[in-house]
Each structure stands twice: as structure tokens, then as C-alpha cells.
Amino acid sequence: MFVIRWVLGRIILLLDWVFQPKRLHREPEAQAKVDQATARLSLYQYRACPFCVKVRRAMKRRALNIVTCDAKGSSIHAEHLVKGGGQLKVPCLRIQEGEKDTWLYESNEIIRYLEERFSDAGTA
């Protein structure tokens, strides 16, 4: 089973690399504003998880520079995810708002949040 997952993971990563989405182009001032808004976001993910790839592709299409934390490759990130979000499940978007953290699971919910918050009309 490990070998099958490893092979499928590599296929997913290869296809993601070959068919990378086109990045949205913004004026430098607008991109700086978006970068400032995304500075308080982090995506906990596994590199070869298809749902995580889906979220990362949505981030790239919208030119969102969100920090990614590999919860599989780092026990520190995995522990932080469990402590903060309550479960070791990816993808998970951590949204820091002041002293409060919101942990958003499910790829479709994360993408919906990013599309609403960073729509083409308004950046943040």
C-alpha cells in the first residue's frame, strides 16, 4: 500500500507541475496589499495530497503568497495543527485575526474563503 501511495503521490506532483495554472497579474501596489493581507494566513498541507494540490492551485491562480506548512514532513507543524485545529487533517487554512485563530478545513471551503476574500474587484 505504501508503494502505491508513493507512486500516486509522485504522479499527482508531476501532473501539478506540468499543468500549472496561470498566475493572476496585479499591479505591484495591489500585489503588496494582497501580500500584506495573506501574511496572517498559513496552509497546513501534505505535498502530494490531491486536496492540498487543489488548494495550492487556487492560491496560485489568485497570486496569493500564503505560507505552506508541511504537516507530514515536520512533526512541529503536525503538532501545531493538532493543538490549534483539533485534528491532524489537511488541507487546513489557519486564519490569524488578532489574538484569535480560525482553522478552516475542507478544500472547497478554503477555496471559497479565498475567492470571497480576494475577489478580483477587491483585494482584501
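Going along each chain's sequence as written, the residues are numbered from 1 onward. Local features in this predicted model are restricted to residues whose pLDDT is 70 or higher, and side-chain atom pairs enter the listing and the counts only when it is 80 or higher, whereas totals over whole chains, interfaces and linings include all residues. Side-chain measures were taken over the full set of non-hydrogen atoms in the model, leaving aside hydrogen atoms and water.

## As for the confidence of the model for the protein chain
For the protein chain, mean pLDDT is 92; residues scoring 70 or higher make up 96% of the total. pLDDT runs from 0 to 100 and stands for how confident the predictor is about each residue. Starting at the N terminus, helices and strands are each numbered in turn, a helix being any DSSP run of H or I of at least four residues and a strand any DSSP run of E of at least two. Ranking the elements of the protein chain by mean pLDDT puts helix 1 (residues 2-18) last, at 89, and strand 1 (residues 41-45) first, at 97.

## Observations concerning the layout of surface pockets
Using a grid of 1 Å spacing that covers the protein atoms alone, one calls a set of points a cavity when a 1.4 Å probe fits there but cannot get out, and a pocket when the set is open and has protein on both sides within 12 Å along at least five of seven lines; lining residues are those with an atom within 4 Å of a point. Grid points are joined across faces, edges and corners, and a volume is the space filled by probe spheres set on the points. Approximately 460 Å³ is the volume found for the largest pocket. For the lining of the largest pocket, the leading source of residues is helix 1, giving seven residues. When residues are grouped by polarity, Ala, Val, Leu, Ile, Met, Phe, Trp, Tyr, Cys and Pro land in nonpolar, Asp, Glu, Lys and Arg in charged, and all others, Gly among them, in polar. Across the lining of the largest pocket, the residue classes tally to eight nonpolar, two polar and five charged. Approximately 180 Å³ is the volume found for the second largest pocket. What lines the second largest pocket is Leu 13, Asp 16, Trp 17, Gln 20, Pro 21, Arg 56, Arg 57 and Lys 60. Residues of the lining of the second largest pocket, tallied by class, amount to three nonpolar, one polar and four charged.

## Looking at the pattern of salt bridges
Any carboxyl oxygen of Asp or Glu within 4 Å of a side-chain nitrogen of Lys or Arg constitutes a salt bridge here. One pass over the structure, following the stated rule, counts five salt bridges. Ionic pairing is found between Lys 89 and Glu 106, a salt bridge with its closest N-O pair at 2.5 Å. Of the two residues, Lys 89 is situated in the loop between helix 4 (75-85) and strand 3 (92-97) and Glu 106 in the loop between strand 4 (100-105) and helix 5 (107-117); the sequence distance between them amounts to 17 residues. In this scheme, a residue with accessible area under 20% of its type's maximum is buried, one over 50% is exposed, and one in between is partly exposed, where area comes from a 1.4 Å probe on protein chains only. Lys 89 gets classed as partly exposed once you look at its relative accessible area, which sits at 31%. The partner of Asp 101 in a salt bridge is Arg 94, with the nearest N and O atoms 2.6 Å apart. Overall, Asp 101 belongs to the partly exposed group, its relative accessible area being 28%. Residue class for Arg 94 comes out buried when judged on its relative accessible area of 14%.

## Some thoughts on the nonpolar core
Core analysis: the largest hydrophobic core is formed by 16 residues, its most contacted members being Leu 41, Ile 66, Leu 93 and Leu 114. Taken together, the elements giving at least two residues each to this core come down to helix 2 (28-38), strand 1, helix 3 (50-61), strand 3 and helix 5. Membership of the second largest hydrophobic core comes to ten residues, among which are Cys 69, Ala 71, Leu 81 and Trp 103. Among buried residues, the Ala, Val, Leu, Ile, Met, Phe, Trp, Tyr and Cys ones that are joined through side-chain atoms within 4.5 Å form a nonpolar core.

## A word on a positive patch on the surface
A surface patch of positive charge is lined by Arg 5, Arg 10, Arg 47 and Lys 72. Tracing the sequence through the fold places Arg 5 in helix 1. For patches, a residue must show more than 30% relative accessible area and have no salt bridge; joins then use 9 Å for like charges and 5 Å for nonpolar side chains, namely Val, Leu, Ile, Met, Phe, Trp and Tyr. Per-residue accessibility takes into account occlusion by the displayed protein chains alone, with areas from the Shrake-Rupley method and a 1.4 Å probe. Counting rule for charge: Lys and Arg are taken as positive, Asp and Glu as negative, and neither His nor the chain ends is counted. Working definition for charges: the position is that of NZ of Lys, CZ of Arg, CG of Asp or CD of Glu.

## Some words on the environment of Ile 111
Mapped onto the secondary structure, Ile 111 falls in helix 5. You can call Ile 111 buried: its relative accessible area is 11%. Contact definition: two residues touch when any of their heavy atoms are within 4.5 Å. Contact partners of Ile 111, with chain neighbours within four places excluded, come to Lys 54, Val 55 and Ala 58.

## What about the side chain of Ser 107?
Mapped onto the fold, Ser 107 is located in helix 5. Judged by relative accessible area, Ser 107 falls into the buried class, the value being 7%. Discounting residues that sit within four places of it in the chain, Ser 107 has contacts with Phe 51, Lys 54, Val 55 and Pro 91.

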